[in-house]
Amino acid sequence: MPVQLLKISKGKLETQLPSHLQREDLKYMQTGLDHTNKYFQGIVILSYPLIKLGDGTDFFKIVLQDDTCTRINSINILIYGKMAEDCAKLTRNGDTFVVAGFKVAESSTAKEDGRHACHLEVSEENGSAIYICTQPSTSPSEPASASVAPKYVYTPLKCLKDGTVVNLYGIVKFFKPPYISKGTDYCSVVTLVDQSNVKLTCTLFNGNLDSLPKIYKNGDIVRFHRVKIREYNGQMQGITSAGFASLTFDGTVGAPVVPRASSKVYTFIDEEQKIVEELRIWGASNLSVSGPEAKLSNVKPMLFFDLTCQLLGKAKVDGSSFLLKVWDGTKCPYPTWKVPVEAKELEGDKVLLHQLRSLTVDVLVYDNHVQLAKSLKIGSFLRIYSIHTKQASAKNEDASSHIEFHLHGGTCYGRGIGILPENNPDVEELKKFLECVELTDSQNTESVSSLELGDTFDNCTDLESPLQRCQQLSATGMCIFFCYFAVLTDHQDMSNTVLKTVLNSRAPQQYRIRAKLRSFKPQKLYQSVKLHCSKCNTLQEVPDGDAFDVILQGCAATAPNPELQSMSWYESVMWTTQDGKQRKITIHFVKHYEMLQRPENTLLMIEGGTLKEIWKLTRRFKCVIPVKSTEDDLELLDLSAPFLLQGNIKYYGCKQCSTPKTIKNLSSLAEKREPSWEPTEIAQALGIEPLQYVFVMKFTLVDGTGALNAYLFDYEKFFQIPASEILTNSFLQEKMEMTMNTLSPPGRKLDDLPWLECFIKSYNVAGMKHQVYYQIFDTTVAEDVV
DNA sequence: TTAGGTTTAG
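Residues numbered from 1 in each chain as written. Chains lettered and ligands numbered in written order. Predicted model: local features only at pLDDT ≥ 70, side-chain atom pairs only at ≥ 80, totals over all residues. Heavy atoms only, no water.

Note the following rule: UniProt positions are given in the numbering used here, feature names are shortened, and annotations may be inferred rather than shown by experiment.
Naming follows an unreviewed UniProt entry, where chain A appears as Protection of telomeres protein 1 of Callipepla squamata. Of the comments in the UniProt record for chain A, the one headed Sequence similarities (unreviewed entry) reads "Belongs to the telombin family."

Structural data, given as structure tokens:
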């Protein structure tokens, strides 16, 4: 039978099937019966993500429902190889799916999923054929059921064709925040770029502000569904089509992959997380996304910049302009103009406006921005894009040297106003900073430098060694207010450098600094744990248990090879579960000098186990390696699954850098006098480049002379907690939380934060030579004061 | 329909 994969319209189904094929009823689907010249037809009710098996074979599983009314009316279809890849692209829930030339095998999940006792295996090797009929009532990319993830195909930007409706991923290179168009809708213009370096400008319309993408800065990553592609002025252009939907993600490498959705119901599957992470990594080295952001303390005349701020007051000025009074906690170094307005027109807390008058600036917005500005709520957090600072005109004698803030009419260069949600990371950081300012005597706002410095700046001398100071002070319980970090003895000869000097120096250099931790990210500490490949230097999220479970279920279809049982260096035990599923489990215990070892020293391989069973084994045995049989040897599963489990820790390998070898390569380790079963040794023997668990955090440090963001990239040294253990150990989680609460006590004003001492090094990243980054190194939180 | 990136000129 030829291998076929046809997408045909429903009415033509019966006539297009080869005439020798006869429809098979689900009740006759049994192993041992002849199903040649038979086909099975059902409706796709569930599809799983396409995965790669350990040998690189593509695997795709769907569930078909028979249209008969029998009690068990659904069956699992396991599709392998090229057909899996093709089906994953073409199949939608609700489609009618016809399969012929299948192999019938016992289903290992029947009891669990309540489906047919057999499953059907489909592949080129089996000489299978597949025919798919799309439901006429369902749009090709519409989910059939909200509970089931449909398969979306994402078109690279270089492959767009005029007149098509596509789904896209891209990095935002430019955007105009939604503004009120001259028609009936809000409009947002977004220019995307992807790894192909092709740009696409999309013009998006919607009557509902929330239905447009929630983009806050260039570098954000977006997913658009159902964008219509048209040619305009010789270039491809994207435009909203019916059912347009978007997700937006922070573009920062290592930040949590949390979508900001434009619709209440959306799908986002694990495979897509990878798309986002890959775009982030590509963007980090190929795009310069440093926007024209500025704090009020850094503005100059004749500047266009983006301001993240809080709205304190607003007032009508005249027909074409409107006043916004905003602050960001820092002080503008120039006298600022005050726009005269009638007192009755001014909205906002008058007392607060008076108290913060020297930190507040007046932004005059014009023309098309007036309507949106009027609707803003006092207290809300805003990003005002492309504000123009202007030196007061010389004609006006009263305004000899003051600076004016204008948001001119029009939307060029993304000019506009964006409303930021409370949970936006920049807003969280700003709120924390503003709280510090508010808690300080806000009448004394003439000198903001004293607010930022804090008056404890001179309380601590640098003469003693920080370590000594910690030891002395910990005895009195004062250490946390004074000095918290113990620096390592390697660099005791290094003297402290103030942040202003650090910020004004070229990279790369190393410094010892003394600063306060104003804020840190991520706030949810578990989000700071990532997996790092030291070879290709990529970071990725730690996979969740569900992904592992899906892979294990996929492998359950592969029967253990009897020829691989009990080889010279391992002893195998195989049994079939008696729970009705008839699942075959094989455990291969590695021997030492032909003897089985005590469980706590034993490495074992398991075939056909469930997640729960594997966890149970890790409690008893030293190492567990999930494997499956091939013709010649046992081999590892897909590298999305851990290649090794030891205690509570799942060890993963880098998909890009590993070249997995079969299990017999472990036998040389077993022959060692005392096998240590170190994960690195096991990885090396199996051709795996191991991923390391790492804490990745961003610390905002201040010392009164300046502020900088320093990255913490730490396996264990900083917190004295292995990053590999934190996700499964609640005691360590509490310890880390306590540490962070002590370093940066919530609700404490800047003056009362403890001083910290640490080492930082500055560096440049290729392609972004003018940008300097900072990383904490060789620093450990002093254990005796935690 | 609207806008279709590339600064107002108050």
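Still more ground to cover, so stick around.
Here's the deal with the nonpolar core
Within soluble globular proteins, side chains that are nonpolar generally end up buried alongside one another. Rule in force here: Residues grouped as a nonpolar core are buried Ala, Val, Leu, Ile, Met, Phe, Trp, Tyr and Cys residues, joined through side-chain atoms within 4.5 Å. Using a 1.4 Å probe on the protein chains alone, a residue whose accessible area is under 20% of its type maximum counts as buried, one over 50% counts as exposed, and one in between counts as partly exposed. Where each domain begins and ends follows an automated or database-derived domain assignment. Contact between two residues is taken to exist if any of their heavy atoms lie within 4.5 Å; hydrogens are not considered.
Judged by nonpolar contacts, the single largest core of 64 residues is most densely connected at I625, L666 and I682. Here this core gathers at least three residues from each of two domains, domain 4 (486-527 + 693-781) and domain 5 (541-688). Not counting residues within four places of it along the chain, the set of residues in contact with I625 comprises L603, L604, M605, I606, L636, F643, L644, I663, L666, I682 and L686. If you look at the next biggest cluster of nonpolar residues, it comprises 39 residues, including L204, V227, F244 and W337.

Describing the protein's contact with DNA strand B
Stated precisely, the cut-off is as follows: One heavy atom within 4 Å of a molecule or strand is enough for the residue carrying it to be called near that molecule or strand. Think of a polar contact as two N or O atoms within 3.5 Å of one another; within protein, one of them needs to be a possible hydrogen donor and the other a possible acceptor, and neighboring residues in sequence only count if both atoms come from side chains. Where helices and strands are cited, they refer to DSSP runs of H or I of at least four residues and of E of at least two residues respectively, numbered from the N terminus. Residue classes follow a fixed rule: Ala, Val, Leu, Ile, Met, Phe, Trp, Tyr, Cys and Pro count as nonpolar, while Asp, Glu, Lys and Arg count as charged, and any other residue, Gly among them, counts as polar.
In the vicinity of DNA strand B there are 30 residues, among which K176, T184, Q237, S386 and H408 approach most closely. Within 4 Å of the protein, the atoms of DNA strand B are drawn from sugar and phosphate moieties in a proportion of 37%. D367 places a side-chain nitrogen or oxygen 2.9 Å from a base nitrogen of DNA strand B. Note that a base oxygen of DNA strand B is positioned 3.0 Å from one of the side-chain N or O atoms of R415. Mapped onto the surface near DNA strand B, the elements with two or more residues apiece are β11 (165-180), β12 (186-193), β13 (199-206), β14 (221-232), β15 (235-249) and β21 (381-391). Broken down by class, the residue content of the surface near DNA strand B amounts to eleven nonpolar, twelve polar and seven charged.

Focus on helix α12 (residues 545-555)
What counts here: Arc definition: it is the arc formed by the directions from the helix axis to the C-beta atoms.
For α12, the complete set of buried residues consists of A547, F548, I551, L552, G554 and C555. Projected down its long axis, α12 carries its buried residues within an arc of 160 degrees, all on one side. Residues of α12 that are buried in the fold lie against β4 (51-52), β5 (58-65), α4 (270-286), α13 (611-620), β31 (623-629) and β33 (644-646).

Points about the environment of R748
Along the chain, R748 turns up in the loop between α17 (730-743) and β37 (756-765). With 313 residues separating them in the primary sequence, R748 and E435 have C-alpha atoms 8.7 Å apart. For R748, the side chain forms a polar contact with the main-chain oxygen of D752, separated by 3.0 Å.

Description of unusual backbone geometry
The step from A507 to P508 runs through a cis peptide bond, and the omega angle for that step is -5 degrees. Positionally, P508 belongs in the loop between α11 (499-503) and β25 (509-521). In this chain, K521 is followed by P522 through a cis amide linkage whose omega measures -5 degrees. Its location among the elements puts P522 in the loop between β25 and β26 (529-532). Located in the positive-phi region is N233, a residue other than glycine, with phi close to 50 degrees. By the element assignment, N233 lies in the loop between β14 and β15. Since its relative accessible area comes to 67%, N233 is described here as exposed. One non-glycine residue, N537, lies in the positive phi region at around 60 degrees. Topologically, N537 is positioned in the loop between β26 and β27 (539-540). Assessed through its relative accessible area of 58%, N537 is described here as exposed.

Digging into the side chain of T248
Mapped onto the elements, T248 comes out in strand β15. With relative accessibility at 0%, the residue T248 sits in the buried group.

Examining the pattern of salt bridges
Condition: Take a side-chain nitrogen of Lys or Arg and a carboxyl oxygen of Asp or Glu: if they are within 4 Å of each other, that pair is a salt bridge.
Following the criterion strictly, the structure yields 22 salt bridges and no others. Its salt-bridge partner being E345, residue K344 comes within 3.7 Å of it at the nearest N-O pair. Classification of K344 as exposed rests on a relative accessible area of 67%. Members of the salt-bridge network, linked through shared partners, are K217, E293, R383, D426, E429 and K521.

Re the confidence of the model for chain A
Stated precisely, the cut-off is as follows: Each residue carries a pLDDT score, the predictor's own confidence in it, on a scale running from 0 to 100.
The predicted model of chain A has a mean per-residue pLDDT of 83, with 85% of residues at 70 or higher. Within the model, the stretch residues 137-149 combines pLDDT values under 50 with 21 contacts to residues more than four positions away or in other chains.

Here's the deal with the packing of aromatic side chains
Keep this limit in mind: Stacked, tilted and edge-to-face are the three classes applied to pairs of Phe, Tyr and Trp rings, where Trp contributes its six-membered ring and a pair requires centres within 6.5 Å; stacked means planes under 30 degrees apart, edge-to-face means over 60, and tilted covers the rest. Only lysine NZ and arginine CZ atoms are considered, and such an atom sits over a ring when it is within 6 Å of the ring centre and within 35 degrees of the ring normal.
Tallying each qualifying case throughout the model produces 15 aromatic pairs. Pairwise contacts between aromatic rings join F695, F699, F718 and F719 into one cluster. Over the ring of W755 we find R514; its NZ or CZ atom is 4.1 Å from the centre of that ring.

A few points about the environment of G706
By the element assignment, G706 lies in the loop between β35 (692-702) and β36 (707-714). For the pair G706 and K500, spaced 206 residues apart in sequence, the C-alpha separation works out to 5.1 Å. If sequence neighbours within four positions are ignored, G706 has contacts with L499, L503 and L701.

Some thoughts on the environment of G348
Here G348 is to be found in strand β19 (residues 347-348). A C-alpha to C-alpha distance of 9.0 Å links G348 and A315, two positions 33 residues apart in sequence. Sequence-distant contacts of G348, that is, excluding residues within four places in its chain, are made with L312, G313, L353 and I378.

Observations regarding the side chain of H35
Examined against the element boundaries, H35 turns out to sit in the loop between β2 (22-23) and β3 (38-47). Reaching out from H35, the side chain makes a polar contact with the side chain of E24 at a distance of 3.0 Å. Once you skip the residues sitting within four places of it in the chain, H35 turns out to touch E24, Y28, M29, Q30, F102 and V104.

Considering the pairing of β11
What counts is decided by this rule: Pairing between two strands requires that DSSP report at least two bridges joining them.
The element β11 is largely enclosed, with a buried count of twelve among its 16 residues. Summarising the sheet, β11 and β12 pair through seven bridges and their orientation is antiparallel. Bridging across to β12, I171 finds its partner in V193. Counting the residues between successive antiparallel strands, the hairpin from β11 to β12 contains five residues.

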